[in-house]
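Secondary and tertiary structure notes
The residues making up each chain are set out below.
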Amino acid sequence: MIIVGLTGSIASGKSTVSETFKELGAYVIDWDILAREVVRPHQRAWNGIVDYFGRAVLNEDLTLNRQKLGEIVFRDAEKLEKLNQITHPAVIEEDEEQTEEIGKLDPNAIVIKDVPLLIEIGFHKRVDKVVVVYASRENQIKRMMASRGLSSTEATQRIEAQMPLREKIRFADFVIQNDGSVQDTGKQVEEIFAALKALQT
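Quick summary incoming for the structure in this document. Since the model is a prediction, treat every value here as computed from it, not as a measurement.

**Here's the deal with the nonpolar core**
If you look at the biggest cluster of nonpolar residues, it comprises 32 residues, and the most contacted ones within it are Trp31, Ile49, Phe53, Leu64 and Leu69. In terms of residues, this core owes the most to one element, helix α5 (residues 77-105), which gives seven residues. Those residues in contact with phenylalanine 53 that sit more than four places away from it in its chain are Leu69, Ile72, Val73, Lys79 and Leu83. Within the second largest apolar cluster, 15 residues are counted, among which are Val4, Val131, Ile176 and Val189.

**Points about α5**
With 29 residues, α5 extends 40 Å from end C-alpha to end C-alpha; this agrees with the ideal 42 Å at 1.5 Å per step. By the largest-angle criterion, threonine 87 marks the main kink of α5, which is about 30 degrees, and a proline, proline 89, follows within four residues. When α5 is considered as a whole, its buried residues turn out to be Leu80, Leu83, Asn84, Ile86, Thr87, His88, Ala90, Val91, Ile92, Asp95, Thr99 and Ile102. Residues of α5 that are buried make contact with β1 (2-7), β2 (27-30), α2 (31-37), α3 (44-53), α4 (66-73) and β3 (110-114). Between the side-chain oxygen at the start of α5 and the backbone nitrogen of glutamate 78 there is a gap of 3.0 Å, and the oxygen is on aspartate 76.

**Details of the pairing of β1**
Burial of β1 is extensive: six of the six residues sit out of reach of the surface. Here β1 shows a buried face lined by Ile2, Val4 and Leu6 and a second buried face lined by Ile3, Gly5 and Thr7. Relative to β3, β1 is paired through five bridges, and the arrangement is parallel. Across the sheet, valine 4 pairs through a bridge with isoleucine 112, a residue of β3. Relative to strand β4 (residues 129-134), β1 runs parallel, the two being bridged by four bridges. When the sheet's bridge partners are listed, valine 4 is paired in β4 with lysine 129.

**Some details on helix α7 (residues 152-160)**
Along α7, the positions that sit buried rather than exposed are Ala155, Thr156, Arg158 and Ile159. Considered in projection along α7, the buried side chains sweep an arc of 160 degrees and stay on one side of the axis. Relative to its buried face, α7 has exposed residues pointing more than 90 degrees away, namely Thr153 and Glu160. Those residues of α7 that are buried are in contact with α6 (137-148).

**Points about the sheet that holds β4**
Sheet architecture is open: five strands sit in the order β2-β3-β1-β4-β5, paired in parallel fashion. Here the strands that pair on one side only, and so sit at the sheet edges, are β2 and β5 (174-177). The mean angle between the axes of side-by-side strands here comes to 20 degrees, regardless of whether they run parallel or antiparallel. Set on the sheet, α5 makes contact with β1, β2 and β3; between it and β2 the angle comes to about 170 degrees. Of the strands in this sheet, β1, β3, β4 and β5 are in contact with helix α9 (residues 182-199), which crosses β5 at around 165 degrees.

**Re the packing of aromatic side chains**
Applying the stated rule across the entire model yields three aromatic pairs. Between phenylalanine 21 and phenylalanine 193, the aromatic rings sit 6.5 Å apart at their centres with planes inclined by 55 degrees, giving tilted as the arrangement. Taken as a pair, phenylalanine 21 in helix α1 (residues 14-24) and phenylalanine 193 in helix α9 lie far apart in primary sequence, 172 residues in all. With respect to burial, phenylalanine 21 and phenylalanine 193 carry one shared label: buried. A ring pair is formed by tyrosine 52 and phenylalanine 53, whose centres lie 4.8 Å apart and whose planes are at 80 degrees; its orientation type is edge-to-face. Residue phenylalanine 53 is classed as buried on the basis of its relative accessible area of 14%.

Quick notes on the rules
- Residues numbered from 1 in each chain as written.
- Predicted model: local features only at pLDDT ≥ 70, side-chain atom pairs only at ≥ 80, totals over all residues.
- Heavy atoms only, no water.
- Core = buried A, V, L, I, M, F, W, Y, C linked by side-chain atoms within 4.5 Å.
- Buried < 20%, exposed > 50% of the residue type's maximum accessible area, 1.4 Å probe, protein only.
- Helix = DSSP H or I, 4+ residues; strand = E, 2+ residues; numbered from the N terminus.
- Contact = heavy atoms within 4.5 Å.
- Expected span 1.5 Å × (residues − 1).
- Bend = angle between axes of the 7 residues up to and from the residue.
- Polar contact = N/O pair within 3.5 Å; in protein donor to acceptor, adjacent residues only side chain to side chain.
- Pairing = 2+ DSSP bridges.
- Arc of directions from axis to C-beta.
- Axes fitted to C-alpha atoms, helices over the stretch in contact; angles between N-to-C directions.
- Phe/Tyr/Trp six-rings, centres within 6.5 Å; stacked < 30°, edge-to-face > 60°.

Here it is in structure tokens:
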């Protein structure tokens, strides 16, 4: 089994890349999905969030109001750090269980772990290879304005709350340039998948 950490920055196009890996036969563990699962009402991470941020970040049905929480943490690095400290241990536990299941099903699996903060939390040390999806800041801003309805200022704030992509590239075994067409990105993913397969022979 080969474990690959896939990362990028907000709106760099990571989800397109992970979807292509899945189509090629890789197993994908998406940490954004895991993060949603561990904050369901009364789960461990949910309890920690409510204790720290208060009930103001909840909807009427007790689910997290992601927009409210997002507005708080993206303006305050300390609160963002606290949110990560609450959610990451629960996500890592879930990730380990899923990886173990995949290993039992398919010992030759290529497992892509789609982890937005792969490098920031030091998880890149726990994978065999690192893939970074790169997009120019201009394209990141355009994508966020189009898909999330953010202003240019809001989009810039969210990018600046994260580790710069050029720093992430220093940790990469493979870099996918995602400023071109979907076909161009797909071709790069295919080449990386073939290289990963070759490591198993």
